[in-house]
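Observations on the three-dimensional arrangement
Listed below, chain by chain, are the residues.
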Amino acid sequence: MRTVLAVSLLASLAGVLQAHDANPGRNRVATAENLPSTWDAASGEGVLWSAELGTVTYGGPTIAGDLIVVGTNNERPRDPEVIGDRGVVMAFDRRDGTFRWQITHEKLATGEANDWPLQGVCSTPSFDGERLYYVSNRAELLAVDLDGNTVWSLDMLAEWGVFPKHMAASTPLVVGDFVFVSTSNGVTDDGRVPAPEASSFAAVDRVSGLPRWSAASPGADLIDGQWGSPSYGLPGEREQVVFPGGDGWLYVFHPATGRDLWRFDGNSALVGGDVRDSANRHAIVATPVFHDGTVYAAMGRDPEVSLRPGALWAVDAGGSGDVTASGARWRFEDPDFGRAIATVAVDGGIVYAADLNGFVFALDADTGEKLWVYDALAPFWSSPLVADGKVYAADTEGDVAVLRSGRTLDVLAENVMPRPVYASPVAAGAVLYLATSETLHALGVQ
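Residues numbered from 1 in each chain as written. Predicted model: local features only at pLDDT ≥ 70, side-chain atom pairs only at ≥ 80, totals over all residues. Heavy atoms only, no water.

1. Some points on the environment of Val181
Let me state the cut-off plainly: Put simply, DSSP H or I for four residues or longer makes a helix, DSSP E for two residues or longer makes a strand, and each gets a number counted from the N terminus. Contacts: residue pairs with any heavy atoms within 4.5 Å of one another.
Structurally, Val181 can be placed in strand β13 (residues 178-182). When the C-alpha atoms of Val181 and Leu403 are compared, they prove to be 32 Å apart, with 222 residues separating the residues in sequence. In contact with Val181, not counting residues within four places along its chain, are Val135, Leu141, Met156, Ser170, Ser200, Phe201, Ala202, Pro230 and Phe243.

2. With respect to the environment of Ala387
Where we set the bar: Exposure categories follow from relative accessible area, calculated using a 1.4 Å probe and restricted to protein chains: below 20% of the type maximum is buried, above 50% is exposed, and the middle band is partly exposed.
One can find Ala387 in strand β29 (residues 385-387). Residue classification places Ala387 among the buried residues on the basis of a relative accessible area of 1%. C-alpha separation for the pair Ala387 and Asp355, spaced 32 residues apart in sequence, amounts to 20 Å. Other than its neighbours up to four places away in sequence, Ala387 contacts Ala30, Ala32, Leu35 and Tyr392.

3. What about unusual backbone geometry?
Excluding glycine, residues mostly have negative phi values, and the peptide bonds linking residues are mostly trans. Put simply, Gly60 and Pro61 share a cis peptide bond, and its omega is 0°. Within the secondary structure, Pro61 is located in strand β4 (residues 57-64). Residue His166 is not a glycine yet carries a positive backbone phi of 70°. Its location among the elements puts His166 in the loop between α2 (156-160) and β12 (173-175). The class of His166 is buried, set by a relative accessible area of 13%. Located in the positive-phi region is Ser184, a residue other than glycine, with phi close to 75°. Among the structural elements, Ser184 can be located in the loop between β13 and β14 (201-205).

4. So, the sheet that holds β4
Heads up, the rule is: Here, a strand pair is defined by DSSP locating no fewer than two bridges between the strands. Interaxial angles span 0 to 180 degrees and are taken between N-to-C directions of axes, which are lines fitted to C-alpha atoms, for helices over the stretch in contact.
Pairing is antiparallel across the open sheet formed by 4 strands, whose spatial order is β4-β5-β6-β7. Each end of this open sheet is capped by a strand with a single partner; those strands are β4 and β7 (99-106). Ignoring which end each strand starts from, the neighbouring axes of this sheet average 15° apart. Alignment of strand β6 (residues 86-93) against β7, held across 7 bridges, turns out to be antiparallel. For Met90, the partnering residue across the bridge sits in β7 and is Gln102.

If you want it as structure tokens, here you go:
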């Protein structure tokens, strides 16, 4: 089920769209330099500043001008008049960590089925140079200015009747006049799909917040929540936006029209059991990455689902229709490589991928050949970051491995944080921004 723009409006949108998002392909590579390899959060060595968050932090950190913005919960309230369980977006001054503002969101009345307690805002905000865009715990897509004022809000529950599985958690993508978002429509705990005709993927007007088009592609075939995020690419001058599906398919559309371009079944070479058993099938939670005409996608599930062998695909982005049989450039499988929710990073001909088994793999980007593997002994929810010749990989035990990027494993440091890390680090200038579950840190060479 899809709603498409009027023909007259489509004609005005011809041509290549400008990507307002600084990283529309979602590749986890930064151009920062002189970043630290070691620090000590306990003593403060290498810590430029720290700022208190809630007690669970999944969203961000996101760099937005002079701000650093994070999605967290309200278990350590900044405002004594705003207490209780809420989703919170907090903004801090990048220079010294001074608290600037917050936006809070009440919990959904439907409870843990759609808005799990104490999880806060799970969406990582996106920044287009003017506004921030994020999805609240109430499945609202919001645009806010740099003073924390809401410019517009779209209630995806009211608009499309979506059913988020436990939480809404997509990172919006801003390209041209559009904001693209996964709605988080999903299944119940017993696998039922309450809203098979509800939109799964959508394009919204960047200025007004009005829906432009939407698609319910997975329909009744959903096997999990759809917390993944879209990415944008321009292979062969054919612009496209790719969405990860809660049924294990990649769905790719023309950004302005919502027209189907191609799709790919990530369960087509299932590892570890009967495809008819939904426990064996994968969804795609990790954000697909566009790089040099290829889409890299790691297969995964809700981390609470039992761990199974995983797979990572490299898919040619130049095809049309169902490219399952023809589009795969390679598929990576390994006895140690499990399901993944972390987004990969591609740099220097190498794909860096972290999984829920607690491994970081380095793969040849052209062939999928395994170059090396690092064992962190704890699961990765956070996505690895490549910057300054290093790979930063933070696990759920709070350990942050700093590995030298390249075709040979070289462990530069293993830094211990006082709390788990679920959010993915970012870097700018000579500063690494890292959020544990409770604290935002700015790390640098002192």
